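Listed here are the chains, written in short residue letters.
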Amino acid sequence: MAKRVLILGAGGVARGMAALLTKAGHVPMLWSPSGRSTQALRSLPLQVSGALDGALRIAIAQDLQTALHWAEVVVLAMPANGHRATLDAALPHLRADHGIIISAQLSLGGLYLHQALAARGVAALVMVWGTTVVLGRCLGEDGVQIGGLRARVEVAALPDTRSDEALALCHALFGDRFGKAESIVAIALGNLNPPVHMANALCNLTRIERGEVWANYDGITPAVARLIEGLDGERLALAAAYGVRVRSVERHFRDTFALPEHLSLAEMAAQIHARRGGPPGPTDLSTRFITEDLPFGIVEIITLAQHIQHPTPLHEAGLTLFQCLCGRDFRAENTLLPALDFAAISGC
C-alpha cells in the first residue's frame, strides 16, 4: 500500500530517498528548513542519475504544519547539526499514528524525540537507522546522483516492543534491507564514521586545509590505520561495557567491500583505493568529517563513556586536538545530548 512520506531535508540523501520511494510506488514530499534547496523543484522534475535514473516529479512542502498533517510517515534526513531545531519545530504537530524515522541517528536523537513526545503524551513509533539507505549527492538545484543503495541497514525502535512493526514499515517503504539492532545504544556505538573520519582527517589535516586533491582511502596509510584500530578498540570495549554487540572496523570493511579475511586494515584501504580511486578526500575544514562527526559522533561516544565512567582516552585526545586546531568548542555545538534524560539509557 502506498504511503505518504514527508522527508525533512532536501540534500543528496533526502533527494535520493524521494527517488527511491517514488520508484517503489509511494508518495514522498520534500521539506527544506529555508526553502532554498527545494525552490527549483517546485517547477522542475528531480533529475536522478546513478543507481537509479529518471526525471521524477516530487511534491514540495509549503509549510511544515500542513505537510505533517498530510504525512503518514516522517523521515528526518539532514546533517546532524539541524536535527534539534527541526525536531523541535515538528514536535507540536507529530501524532501517535505517525511513524518517524531518523536517517541516520547521531547523538541519540531518537531518544531525544521519544522523550519529548512522551512529555506531550504522544506514543508515536520512533525508528532510528544506523546509516542511510541511499548514498546521494546533489547535482545542481534540481538533480541528485545516487552512488549506491545499501544492502543492509540496522534499525532500532522506541519503544522496543514495536520493533517488528518498525521492521515491517521500513521494509514496505525501502525494501528488504533492514535488520533489527539490539538497541539505540547499539546503533550509536555501531557508527564507524566518526572515529574513522576523525583519524583520517587529523592525519591528513594539512591536505584538507590547503585544498589538495587526495583520495580518501589512499589517506589511510599503515600509521593512520593504527590510529583507527586504537579508536576502534575503545569503541568495542565501550559497547561491551553497555552489553551490546557491534562490528569491528575490520569486519565492516570486509563485509562492505567483499575483501578477504587475511588483509590488515591498511591493506584493505589500499585495495579499496586501487579498485575505486576515490571518493576524494575533503578539501576544506568545514568538511562533515569534522563539523558533523566530531560534535555529534565523537562527543556522543565520549558522553556515553562518561555516563558509566569508562575510559576513552584516544577519543578525548582527538576531540581536544581538533578543538584547538579549529578554534571551536565541539562539545558545546551538540544540542541533543544535554537535553537527554540519561537515566533512561539502560532501558533502551
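Everything below is about the structure shown above.
To start, this report covers the structure provided alongside it.

Thresholds applied
- Residues numbered from 1 in each chain as written.
- Predicted model: local features only at pLDDT ≥ 70, side-chain atom pairs only at ≥ 80, totals over all residues.
- Heavy atoms only, no water.
- 1 Å grid on protein atoms, 1.4 Å probe; cavity = no way out; pocket = protein on both sides within 12 Å on 5 of 7 lines; lining within 4 Å.
- Points joined across faces, edges and corners; volume = space filled by probe spheres on them.
- Helix = DSSP H or I, 4+ residues; strand = E, 2+ residues; numbered from the N terminus.
- Nonpolar A, V, L, I, M, F, W, Y, C, P; charged D, E, K, R; others polar.
- Buried < 20%, exposed > 50% of the residue type's maximum accessible area, 1.4 Å probe, protein only.
- Pairing = 2+ DSSP bridges.
- Right-handed = clockwise from strand over helix to strand, strands pointing away.
- Salt bridge = Lys/Arg side-chain N within 4 Å of Asp/Glu carboxyl O.

**Quick look at empty space enclosed by the protein**
Okay, step 1: Under the counting rule described, the total for this entry stands at 1 cavity of 30 Å³ or more.
Okay, step 2: Estimated volume of the largest cavity: approximately 40 Å³.
Okay, step 3: Where the lining of the largest cavity is concerned, the elements lending two or more residues are strand 6 (73-76) and helix 3 (83-90).
Okay, step 4: Each residue belonging to the lining of the largest cavity can be placed in one class, and the counts come to 8 nonpolar, no polar and no charged.

**A few points about the pairing of strand 7 (residues 99-102)**
Okay, step 1: Neither face of strand 7 is open: one carries Gly99 and Ile101, the other Ile100 and Ile102, and all of them are buried.
Okay, step 2: By the bridge criterion, 4 bridges tie strand 6 to strand 7 in an arrangement that is parallel. Bridge pairing in strand 7 places leucine 76 opposite isoleucine 102.
Okay, step 3: Read from strand 6 through helix 3 to strand 7, the crossover connection turns out right-handed.

**Points about the pattern of salt bridges**
Okay, step 1: Scanning the model with the defined rule gives 12 salt bridges in all.
Okay, step 2: Note that arginine 152 and glutamate 154 form a salt bridge whose closest N and O atoms lie 3.0 Å from each other.
Okay, step 3: Exposure remark for arginine 152: the relative accessible area of 53% places this residue in the exposed category.
Okay, step 4: Under the relative-accessibility criterion, glutamate 154 is labelled partly exposed at 28%.
Okay, step 5: Linking arginine 162 and glutamate 165 is a salt bridge whose minimum nitrogen-to-oxygen distance equals 2.9 Å.
Okay, step 6: Judged by relative accessible area, arginine 162 falls into the partly exposed class, the value being 23%.
Okay, step 7: When its relative accessible area of 42% is taken as the criterion, glutamate 165 is described as partly exposed.
Okay, step 8: Put simply, Arg247, Arg251, Arg254, Asp255 and Glu261 are held in one network by salt bridges that share partners.

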